[in-house]
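What the coordinates show
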Amino acid sequence: MPSTAEFWTRPWVKWAGVGLVVVLLIVGPLILPEFANQTIARIGVFAVAVLGLNVVMGYTGQVSLGQIFFVGVGAYVTAYGVNQDWNIVLVFVLACIVPAVFGLLVALAAARLGGLAIAMVTIALPLVGLPLAKRLSDFTGGSQGTSARFSSAPEWTGLYDDQWQLYIVILIGGITFLLTRNLVRGKYGRAFAIVKGNEAVAASMGVSPYRYKVLAFTIASLIGGVSGFLYMVVIQYTSPETLHFGHSIELLAAMVIGGAGSIIGSLLGGVWYVLLPQITNIIDPNITAMLQGAILLVVLFILPGGLVSLPRLWRRRRRDAGAPRGGATGPSGRTAAAASTSAKTVAADAPAVTDPPPASPTQS
């Protein structure tokens, strides 16, 4: 009879799981209440933002503390294009391209740096972006921010606004996750892993660390722009507060908690980013920050690999619990009792060893 692990690795089981997820994504928005749809949509928005951060940090090993800057730029470009009555497809393309260009320019200058140096460069992005957004009032609306209402459900759909918005997030976010998954599992993902492991080894293998660092940073910036567009789809308002440096730290914490270098971990990071503040507010609104920090430390101590490592930890615990406890385990992984039984079997099968016969007189 096949084991549980073999059952879940069968192709038809995987495709059945994919089909079930697709059905839930299609039917879910129609049966869930408005608050649930809005919450799931916000999780999708920030899961995409965490995904971009994961590309540059989790897969390539660069330190980036300015991902929220690209999210904010994407949101501002979206708001400006909508308010100028541009075609929504053009607005989406620009919301992706403009942050990607900013990211490319930053990466070309900073990718040769390493460690704290590149961290300082990325820290400067939200710190400069916030006052800049306040000054460019013709484009950003200044300190008051700007709104853009373009994601109301068309009448022909028969959907409510929250349902329509969630479908948009599922469609665009799902495509973004799928494309990123294919990227990191292909030759570019292997190159990212080599650069992350050892840049000197990467260079000796003909893999340019500089080139792939720039590529990863640019892709992360583009994904940040996608998140910014979805942010305006769901929130429909942005302000300089969107670019606050504190949000970058929260995205970083969400990536680590979800699981660095993991597609599923990015989704779990989005869940963490949205739901944790709501949970801590329910417990005690006066100590929200302290509770978030305490929960963060507890999770990291228990799951250093993030929430995505929980199933692996569970399987290891079950395997250890099912191991025989009759004796001490040796270096080879066998117990002392098993080793003793093996030794007895070998001894029984070996030919008997007798004393040599006495020497004959002729031999002496």
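The coordinates are above.
Residues numbered from 1 in each chain as written. Predicted model: local features only at pLDDT ≥ 70, side-chain atom pairs only at ≥ 80, totals over all residues. Heavy atoms only, no water.

So, about the overall build of the protein. Looking only at helices and strands, the protein features 16 helices and 2 strands. Taking all 364 residues of the protein together, 39% fall into the buried category. Across the protein, the fraction of contacts at a sequence separation of at least 24, relative to all contacts at a separation of at least 6, is 74%. Summing over all exposed atoms, the protein offers an accessible surface of approximately 20,700 Å²; the carbon and sulfur share of this is 67%. (Helix = DSSP H or I, 4+ residues; strand = E, 2+ residues; numbered from the N terminus. Buried < 20%, exposed > 50% of the residue type's maximum accessible area, 1.4 Å probe, protein only. Contact = heavy atoms within 4.5 Å. Areas by Shrake-Rupley, 256 points an atom, 1.4 Å probe, with all protein chains shown as cover.)

A separate point is helix H14 (residues 288–302). In a regular helix each residue adds 1.5 Å, so 15 residues correspond to 21 Å; H14 covers 21 Å between its end C-alpha atoms and thus fits that length. As for H14, its buried residues are in contact with helix H12 (245–258) and helix H13 (263–283). (Expected span 1.5 Å × (residues − 1).)

A word on unusual backbone geometry. Even without being glycine, Asp85 reaches a positive phi, approximately 60 degrees. Secondary-structure assignment places Asp85 in the loop between helix H4 (67–83) and helix H5 (88–110). The exposure class assigned to Asp85 is exposed, which follows from its relative accessible area of 69%. A positive phi angle, close to 65 degrees, is found at Gln236, a residue other than glycine. On the secondary structure map, Gln236 appears in the loop between helix H11 (209–234) and strand E2 (237–238). Residue class for Gln236 comes out buried when judged on its relative accessible area of 9%.

All right, on to the nonpolar core then. Buried together is how nonpolar side chains tend to be arranged in soluble globular proteins. Core analysis: the biggest nonpolar cluster contains 70 residues, and Val45, Phe46, Leu53, Phe229, Leu230 and Leu251 have the highest contact counts within it. Not counting chain neighbours up to four residues away, the residues in contact with Leu53 comprise Gly58, Ser64, Gln67, Leu251, Leu252 and Met255. (Core = buried A, V, L, I, M, F, W, Y, C linked by side-chain atoms within 4.5 Å.)

Turning our attention to the layout of surface pockets. Considered as a void within the structure, the largest pocket measures approximately 1,200 Å³ in volume. Around the largest pocket sit 28 residues that line it, and Val21, Phe177, Ile263, Ile264 and Leu267 are the ones nearest its centre. Per-element accounting of the lining of the largest pocket gives the leading share, 10 residues, to helix H8 (residues 161–184). Taken as a whole, the second largest pocket encloses approximately 450 Å³ of empty space. Taken together, 19 residues make up the lining of the second largest pocket; nearest its centre are His247, Glu250, Tyr273, Pro277 and Gln292. Taken together, the elements giving at least two residues each to the lining of the second largest pocket come down to helix H3 (34–59), H12, H13 and H14. With 5 residues, the top contributor of residues to the lining of the second largest pocket is H13. Among the residues forming the lining of the second largest pocket, the class breakdown is 12 nonpolar, 4 polar and 3 charged. (1 Å grid on protein atoms, 1.4 Å probe; cavity = no way out; pocket = protein on both sides within 12 Å on 5 of 7 lines; lining within 4 Å. Points joined across faces, edges and corners; volume = space filled by probe spheres on them. Nonpolar A, V, L, I, M, F, W, Y, C, P; charged D, E, K, R; others polar.)

Honestly, that's just the spatial picture; any functional story needs more than this.
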